[in-house]
Protein chains: 2
Amino acid sequence: MNKPVTIHDIARMANVSSATVSRVLSNSSYPVSKELKEKIQRIAKESNYIPNLLGKQLKMNSSMTIAVIIPSIINPFYSSVLFGVEEVARQHNFTVITCNSLQDPALEDEYIRTLVEKQVKGLIISSISKDKRLLKSLLDRGLHVIAIDQKIEGEGISQIEFDYHKGGAMATRHLQAKGHRQIGYVTSKIDRPSRRSICQGYLEAMQSAGLEPMVEESPADEVYNAVYEFDSGKRLAGKLMDRPNPPTAIFACNDMMAFGVINELSRRELQVPQDISVVGFDGIDVGQMIHPPLTSIKQPDYEMGKMACKMLMDMMDDAGPMFDIVLQPKLLERKSVRDITGD
Amino acid sequence: MNKPVTIHDIARMANVSSATVSRVLSNSSYPVSKELKEKIQRIAKESNYIPNLLGKQLKMNSSMTIAVIIPSIINPFYSSVLFGVEEVARQHNFTVITCNSLQDPALEDEYIRTLVEKQVKGLIISSISKDKRLLKSLLDRGLHVIAIDQKIEGEGISQIEFDYHKGGAMATRHLQAKGHRQIGYVTSKIDRPSRRSICQGYLEAMQSAGLEPMVEESPADEVYNAVYEFDSGKRLAGKLMDRPNPPTAIFACNDMMAFGVINELSRRELQVPQDISVVGFDGIDVGQMIHPPLTSIKQPDYEMGKMACKMLMDMMDDAGPMFDIVLQPKLLERKSVRDITGD
DNA sequence: TTGTATGCGTTATCAT
DNA sequence: ATGATAACGCATACAA
């Protein structure tokens, strides 16, 4: 294994000082004579010079790296977010470290610590931890934080929120507008603000229409896993249908769960949407690939990632005022809801 | 923004040398008296000391960072791989940089260069580029490479392959065993070894059974995107069914495409599997969530990620001999294939 | 325009 | 057991 060539090696080969080499190879605006510049560039190329960014970064105190902490990359929603983040990061010559917190606050904190040690100055996080003290204590160390998906209260952290409450209400009202009055809601364990908001949106929409809510909540949520969500969708839909007065429509807190609901219904030989309607939440792409195509509330995942990264870049450039963004839900009307107003 | 405290600051506060501080805080085995050790640890804690790993890494010439280059994190197969990688990386206190090459060789090379500049010593790559010279030239700079999914010929790069050929044959034979004789194959543009192998597995299985192959290939593949695959699945299935002698079973080169096939068939009021059978490839989780659950060839994605990262860690530790791994396909028999042997 | 010298924060070698 | 000092590779203030 050859040892790498440094600017000093090149300086020696070109009979110049390493300062001059640095000026040339770092594209500094500092004036260097044309002939020396060309000579140095030629030698650098011939010797296959590769700069060691650790040296530069140590000197400049900037690692040109940002990080994303999300519950799990397996979740298509988060992989779309990450995809958006990575796209704009690349445009700014930044590199992205991905961290799966697995819904584990301790792991989340461990990651944050490591990232700061690695001199990551920008972080996009969907935080699961209750205790945000660690994160906040790092703000005055030059860490810039954007909270996505899960809000972080307090100063100095920009938010890209999604109006979960409105989304929950929107889905429920859509069902109501289609003539449904018995509308069930199935949800993963309500252990986070986002889930609480969706549920409250549902509850308020039911209440203001004078309807009786029917909620089934999954008991635990240790494993963050698509199949797990699917299975609890099945189980909870079963519970709902076993009630004395079963719903004519079911609203699920995410699309995976909605898939489970549909699956359980079809196992019971109930057709969607003929016999019962289903609405999901997230609007992931596969939703349009199943049968019937799933009506859902779209959360702009990819766009959220792009916006988050743009904001982060602006923050790190100290450009302009800080602000939060609240993304609005959108109804993706597909084929899983039946209009029963005529019945 | 406070300036960060360094070991020198702590040394001053503790009236010791920075060497001693370093010994304590880096958990060196070098002997330091108990009282000094405790004192330094106390002061470090009180002053909220956070080590700057850039300094350490520059000195040690190791960045404790690996990278993964994949076509797109949007693809559930690759997000599972990444999930596996990240899991074992974390266990080794490594951090993972994610790069989406978007099937663009130029972008892939750009990433590789940047990563090497960042002193990343380990790379797991599903390479799309034809020209592997850049990659190989970096091997003797201490870069360790594991090729997944797409083989890279040559020395010094370990492979974690998947037996695509066998997988293609396995799916085809399964269909044959269920009595199908007109079996169509739909595939994305055959522009990579993996896709070629699957197709050849299909062709050989057809040939050795004395059957006529029916292949539909998607013309282009610029955009790597689930919805795009879905749409070409629909289109190609349509072409197949419009033939004078349409198939009784369709095999698709990936699950997304199989979803498209099923969708197009159901649009034509053909039931799967009653009227026509479908087999996918990849075995992604959502395959079991659709109706009917998709029979598919399982590629062990998550396990592949874990193995790749383990191998990489061993390589970087210089532990043991180098070897390649060929993962074997597995038939995931679900509900999208009908047995017509009795008909 | 070029060179000299210093420091970024850390570890490690060599004295003491 | 502890300290002084020299790297690691780079950028830059200052000198020439």
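Residues numbered from 1 in each chain as written. Chains lettered and ligands numbered in written order. Predicted model: local features only at pLDDT ≥ 70, side-chain atom pairs only at ≥ 80, totals over all residues. Heavy atoms only, no water.

Per an unreviewed UniProt entry, chain A is named LacI family DNA-binding transcriptional regulator, and its organism is Paenibacillus mesotrionivorans.

Chemist: Would you mind going over the overall build of chain A in detail, with residue names and values included?
Modeler: In terms of helices and strands, chain A carries 12 helices and 12 strands. For 343 residues, the compact-globule estimate of 2.2 N^0.38 gives 20 Å, and the C-alpha radius of gyration of chain A, at 26 Å, exceeds that figure by more than 25%. Over its C-alpha atoms, taken along the principal directions, chain A stretches across nearly 90 × 40 × 35 Å. Here chain A, with 343 residues, has 56% of them falling under the buried criterion. Expressed as a percentage of contacts within chain A between residues at least 6 apart in sequence, the contacts between residues at least 24 apart total 70%. Only carbon and sulfur atoms are counted for the fraction: they give 50% of the accessible area of chain A, which is about 15000 Å². Charged side chains in chain A number 41 positive and 43 negative. The centres of these two groups are separated by 6 Å. (Helix = DSSP H or I, 4+ residues; strand = E, 2+ residues; numbered from the N terminus. Rg over C-alpha atoms; globule rule 2.2 N^0.38 Å. Buried < 20%, exposed > 50% of the residue type's maximum accessible area, 1.4 Å probe, protein only. Contact = heavy atoms within 4.5 Å. Areas by Shrake-Rupley, 256 points an atom, 1.4 Å probe, with all protein chains shown as cover. Lys, Arg positive; Asp, Glu negative; His and termini not counted. Charge placed at Lys NZ, Arg CZ, Asp CG, Glu CD.)

Chemist: Could you give an account of the sheet that holds strand E12 (residues 330-332) of chain B, naming the residues involved and the relevant values?
Modeler: Residue and element names in this part refer to chain B. A sheet is described by the order of its strands in space; here 6 strands give the open sequence E7-E6-E8-E9-E10-E12, paired in mixed fashion. Each edge of the sheet is formed by a strand with only one pairing partner; in this case those strands are strand E7 (214-217) and E12. Neighbour to neighbour, the strand axes of the sheet diverge by 20 degrees on average, direction disregarded. Alignment of strand E9 (residues 277-282) against strand E10 (residues 295-298), held across 4 bridges, turns out to be parallel. Among the inter-strand pairings, Asp 282 is bridged to a residue of E10, identified as Lys 298. Most of the contacts of helix H9 (residues 193-208) go to strand E6 (residues 183-187), to which it runs at about 170 degrees, and overall it touches E6, E7, strand E8 (249-252) and E9. (Pairing = 2+ DSSP bridges. Axes fitted to C-alpha atoms, helices over the stretch in contact; angles between N-to-C directions.)

Chemist: Could you give an account of the protein's contact with DNA strand D, naming the residues involved and the relevant values?
Modeler: By nearness alone, 28 residues border DNA strand D, and A:Tyr49, B:Arg23, B:Tyr30, B:Pro31 and B:Ser33 come closest of all. Sugar and phosphate atoms represent 57% of those atoms of DNA strand D found within 4 Å of the protein. One of the backbone N or O atoms of A:Gly55 is found 3.0 Å from a base nitrogen in DNA strand D. Within the side chain of B:Lys59, one N or O atom sits 2.8 Å away from a base nitrogen of DNA strand D. At the level of elements, helix H1 (7-14), helix H2 (18-25) and helix H4 (53-60) of chain A together with helix H2 (18-25) and helix H4 (53-60) of chain B are the ones that each hand at least two residues to the surface near DNA strand D. It is H4(A) that contributes the most residues to the surface near DNA strand D, 4 residues altogether. Split into classes, the residues belonging to the surface near DNA strand D amount to 13 nonpolar, 10 polar and 5 charged. (Near = heavy atom within 4 Å. Polar contact = N/O pair within 3.5 Å; in protein donor to acceptor, adjacent residues only side chain to side chain. Nonpolar A, V, L, I, M, F, W, Y, C, P; charged D, E, K, R; others polar.)

Chemist: I'd like a description of the relation of the copies chain B and chain A, backed by residues and values.
Modeler: Structural alignment of chain B on chain A gives an RMSD of 0.1 Å, achieved by rotating through 180 degrees and translating 0.1 Å along the axis. The superposition operator between the copies reduces to a two-fold rotation axis. If distances are taken from each C-alpha of chain B to the rotation axis, the shortest is found for B:Ile97, at 2.2 Å. Residue by residue, 98% of the interface of chain B is reproduced at the interface of chain A, so both copies engage with the same surface. (Least-squares fit on C-alpha atoms with pLDDT ≥ 70 in both.)

Chemist: Can you tell me about the interface of chain B and chain A, naming the residues and giving the values?
Modeler: Each partner contributes to the interface: chain B provides 57 residues, whereas chain A provides 56 residues. Overall, the association of chain B and chain A removes approximately 5300 Å² of surface from exposure, summing both partners, and the carbon and sulfur fraction of that is 62%. Where chain B packs against chain A, one counts 0 salt bridges. Between chain B and chain A we count 19 residue pairs in polar contact (both at pLDDT 80 or more) in total. When residues of the side of chain B that touches chain A are traced back to their parent elements, those giving at least two are H4, helix H5 (76-91), strand E2 (95-100), helix H6 (105-117), helix H10 (226-241) and helix H11 (255-267) of chain B. (Buried area = accessible area lost by both parts, 1.4 Å probe. Salt bridge = Lys/Arg side-chain N within 4 Å of Asp/Glu carboxyl O.)

Chemist: Describe the pairing of strand E3 (residues 122-125) of chain A, and please don't skip the residues or the numbers.
Modeler: Residues and elements named next belong to chain A. Of the two faces of E3, the one carrying Gly 122 and Ile 124 and the one carrying Leu 123 and Ile 125 are both buried. Of the strand pairs in this sheet, strand E1 (residues 65-70) and E3 are connected by 4 bridges, and their pairing is parallel. Across the sheet, residue Ile 66 finds its bridge partner in E3, namely Gly 122. Alignment of E3 against strand E4 (residues 144-148), held across 4 bridges, turns out to be parallel. Its bridge partner lying in E4, Ile 124 is registered against Ile 146. The parallel pair E3 and E4 is bridged by helix H7 (residues 133-139), and the resulting crossover is right-handed. (Right-handed = clockwise from strand over helix to strand, strands pointing away.)

Chemist: Tell me about the protein's contact with DNA strand C, residues and numbers included.
Modeler: Near DNA strand C you find 28 residues, and of these A:Arg23, A:Tyr30, A:Ser33, B:His8 and B:Tyr49 are the closest. Here the atoms of DNA strand C within 4 Å of the protein split so that 60% fall in sugar or phosphate, with bases taking the remainder. With respect to DNA strand C, the backbone of B:Asn52 contributes an N or O atom lying 2.9 Å from a phosphate oxygen. For the surface near DNA strand C, the elements supplying multiple residues, two or more each, are H2 and H4 of chain A together with helix H1 (7-14), H2 and H4 of chain B. Looking at the surface near DNA strand C residue by residue, the classes come out as 13 nonpolar, 10 polar and 5 charged.

Chemist: Break down the packing of aromatic side chains for me, citing the residues and quoting the values.
Modeler: Summed over the entire model, instances satisfying the criterion amount to 16 aromatic pairs over all chains. Look at A:Phe162 and A:Phe281: their rings are 6.1 Å apart centre to centre, the planes differ by 90 degrees, and that puts the pair in the edge-to-face class. Taken together, the residues span a long stretch of sequence, with A:Phe162 in strand E5 (residues 157-162) and A:Phe281 in strand E9 (residues 277-282) at a distance of 119 residues. Accessibility expressed as a relative area gives 0% for A:Phe281, which makes it buried. Look at B:Tyr164 and B:Phe281: their rings are 6.2 Å apart centre to centre, the planes differ by 20 degrees, and that puts the pair in the stacked class. One end of the pair, B:Tyr164, is in helix H8 (residues 164-177); the other, B:Phe281, is in strand E9, and 117 residues separate them in sequence. (Phe/Tyr/Trp six-rings, centres within 6.5 Å; stacked < 30°, edge-to-face > 60°.)

Chemist: Explain H1(A) to me, and be specific about the residues and the numbers.
Modeler: All names here are of chain A. Turning to H1, its buried residues are Ile 10, Ala 11 and Ala 14. Take H1 and look down its axis: the buried residues cluster within an arc of 105 degrees, on one side only. Where H1 is buried, its residues meet H2 and helix H3 (34-46). Positive backbone phi, approximately 55 degrees, marks Asn 15, located one or two places after H1. (Arc of directions from axis to C-beta.)

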